[in-house]
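A closer look at the structure
These are the residues of each chain, in order.
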Amino acid sequence: MTIVVTGATGHLGRAVVESLLDRGVPADQILATGRDLNKLARLDVPSRRASYDDPESVRAAFTGADKVLFVSGSEVGRRVPQHRNVVEAAKAAGVGRVVYTSAPKADTSDMRLVAEHRATEKMLLDSGVPAVFLRNGWYLENYDVADALEHGIFGAAGEGRISAAPRVDYAEAAAAALLLDDPKQVYELGGESFTLAELAAEISRQSGREVTYTDLSEEKYIEMLVGAGIPVEGAKVYADSHRAASNGALEIEGDDLATLLGRPATPLSTAIKNTLA
Ligand SMILES: NC(=O)c1ccc[n+]([C@@H]2O[C@H](COP(=O)([O-])OP(=O)(O)OC[C@H]3O[C@@H](n4cnc5c(N)ncnc54)[C@H](OP(=O)(O)O)[C@@H]3O)[C@@H](O)[C@H]2O)c1
């Protein structure tokens, strides 16, 4: 059995490789791929260069793969053509199953960031390659506790609940899904849910310092992000994710994450405790 992991130079892909090894998959049955061979060399498994912008490199890396963990690219706005290259390579190489890291409620969400994931899921379905969609909820690492302690938390998510978990939980769930004989097609993955006011309250409780959440309109939040040096388009996309979160786009129902993990997802309080330590 060969499992190819893309994006293995990144945080999630690397943690998936480590989790596969922890689960007893022999190193020679894992192939870590990414754009930077120097970064890949730090992993204890064979590696090969594969760039989503270079279809031939992806096809060559996928040849002989039973399963591929396809980590969504990080270049927002460029991902549809890049991901098309990956899907076409998977089909041409005869990959047995593609497990794709998607986004919450990818088929219905109106969050701008989700559109490229919806397009990728559709490309995979249309390709006929057996596919599993891991619709990863927000990473807890998206919230910077040190920054919250210094400045407070600002956003436009209102009372929207966010079902977040540490990135490593999603990585372990991905490794578990890769090893299932008969996975579901869609997993909606998220941990304990909280509002940003509850996040601020938990950081206050554990640190002993007052941290507040200030809820802004989407427009004011964009202005604030731009004022902090974020390019306008990026600020708009980020603020849009808060707008969508205020309407429940990041609240995940069900227990898919705990089921794949075989344990509850890491609670917010534990993640904050670990960060403060
Ligand atoms: N759910 C969430 O809260 C959340 C938050 C952030 C991101 N995400 C998504 O989840 C993915 C994985 O998260 P992460 O934390 O591992 O992100 P990350 O550390 O930025 O890693 C992204 C990985 O994708 C690779 N990549 C990007 N463009 C590529 C291309 N054109 N060809 C080949 N590889 C490419 C990167 O390669 P390089 O090392 O060469 O750049 C890197 O290995 C992200 O890419 C993004 O789609 C989700």
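Here is a short report on the structure shown in this document. Please read these numbers as outputs of a predicted model, since none were measured by experiment. (Residues numbered from 1 in each chain as written. Predicted model: local features only at pLDDT ≥ 70, side-chain atom pairs only at ≥ 80, totals over all residues. Heavy atoms only, no water.)

**Points about the overall build of the protein chain**
- A count of helical and extended segments in the protein chain gives 12 helices and 11 strands.
- For 277 residues, the compact-globule estimate of 2.2 N^0.38 gives 19 Å, and the C-alpha radius of gyration of the protein chain, at 19 Å, lies within 12% of that figure.
- Reported as C-alpha extents along the three principal axes, the dimensions of the protein chain are approximately 55 × 35 × 35 Å.
- Scored against the burial criterion, the 277 residues of the protein chain give a buried share of 51%.
- For the protein chain, the proportion of contacts with a sequence separation of at least 24, taken over those separated by at least 6, is 76%. (Helix = DSSP H or I, 4+ residues; strand = E, 2+ residues; numbered from the N terminus. Rg over C-alpha atoms; globule rule 2.2 N^0.38 Å. Buried < 20%, exposed > 50% of the residue type's maximum accessible area, 1.4 Å probe, protein only. Contact = heavy atoms within 4.5 Å.)

**What to know about the packing of aromatic side chains**
- Enumeration over the complete set of coordinates arrives at 5 aromatic pairs.
- Centre to centre, the rings of Tyr52 and Phe70 are 5.7 Å apart; their planes meet at 80°, and the pair counts as edge-to-face. You can see Tyr52 sitting in the loop between β3 (47-49) and α3 (55-62) and its partner Phe70 sitting in strand β4 (residues 67-70), a full 18 residues away along the chain. Per residue, the accessibility class of Tyr52 equals that of Phe70, and both read buried. (Phe/Tyr/Trp six-rings, centres within 6.5 Å; stacked < 30°, edge-to-face > 60°.)

**Examining the pairing of β4**
- Burial of the side chains of β4 extends over both faces: Lys67 and Leu69 are buried on one face and Val68 and Phe70 on the other.
- Pairing between strand β1 (residues 3-5) and β4: 3 bridges, direction parallel. Its bridge partner lying in β4, Ile3 is registered against Lys67.
- Bridging between β4 and strand β5 (residues 97-102) involves 4 bridges; their strand directions are parallel. Bridge pairing links Leu69 to Val99 in β5.
- Handedness of the crossover is the feature at issue here: the chain leaves β4, passes through helix α4 (residues 79-93), returns alongside β5, and the resulting connection is right-handed. (Pairing = 2+ DSSP bridges. Right-handed = clockwise from strand over helix to strand, strands pointing away.)

**Some points on the site of the ligand**
- If you check the shell around the ligand, you find 22 residues, and the closest are Thr9, His11, Leu12, Ser72 and Arg167.
- At a separation of 3.1 Å, an oxygen atom of the ligand approaches a polar backbone atom of Gly7.
- Separating an oxygen atom of the ligand from a backbone N or O atom of Leu12 is a distance of 2.7 Å.
- Protein coverage of the free-state accessible area of the ligand, which is 890 Å², stands at 82%.
- Cavity membership is defined here by more than half of the atoms lying within 2 Å of grid points; on that basis the ligand lies in the largest pocket.
- Only α1 (11-22) and α4 provide two or more residues apiece to the shell around the ligand.
- Looking at the shell around the ligand residue by residue, the class counts come to 6 nonpolar, 11 polar and 5 charged.
- When residues of the shell around the ligand are assigned to domains, at least three map to each of domain 1 (3-136) and domain 2 (137-165 + 190-252 + 263-277). (Near = heavy atom within 4 Å. Polar contact = N/O pair within 3.5 Å; in protein donor to acceptor, adjacent residues only side chain to side chain. Areas by Shrake-Rupley, 256 points an atom, 1.4 Å probe, with all protein chains shown as cover. 1 Å grid on protein atoms, 1.4 Å probe; cavity = no way out; pocket = protein on both sides within 12 Å on 5 of 7 lines; lining within 4 Å. Sits in = over half its atoms within 2 Å of the grid points. Nonpolar A, V, L, I, M, F, W, Y, C, P; charged D, E, K, R; others polar. Domains from an automatic or database assignment.)

**Some details on α3**
- For α3, the set of buried residues is Ser57, Val58, Ala61 and Phe62. The arc enclosing the buried residues of α3, seen along the axis, measures out at 125°, which places them on a common side.
- Where the residues of α3 are buried, they touch β1, β2 (30-34), β3, β4 and α4. (Arc of directions from axis to C-beta.)

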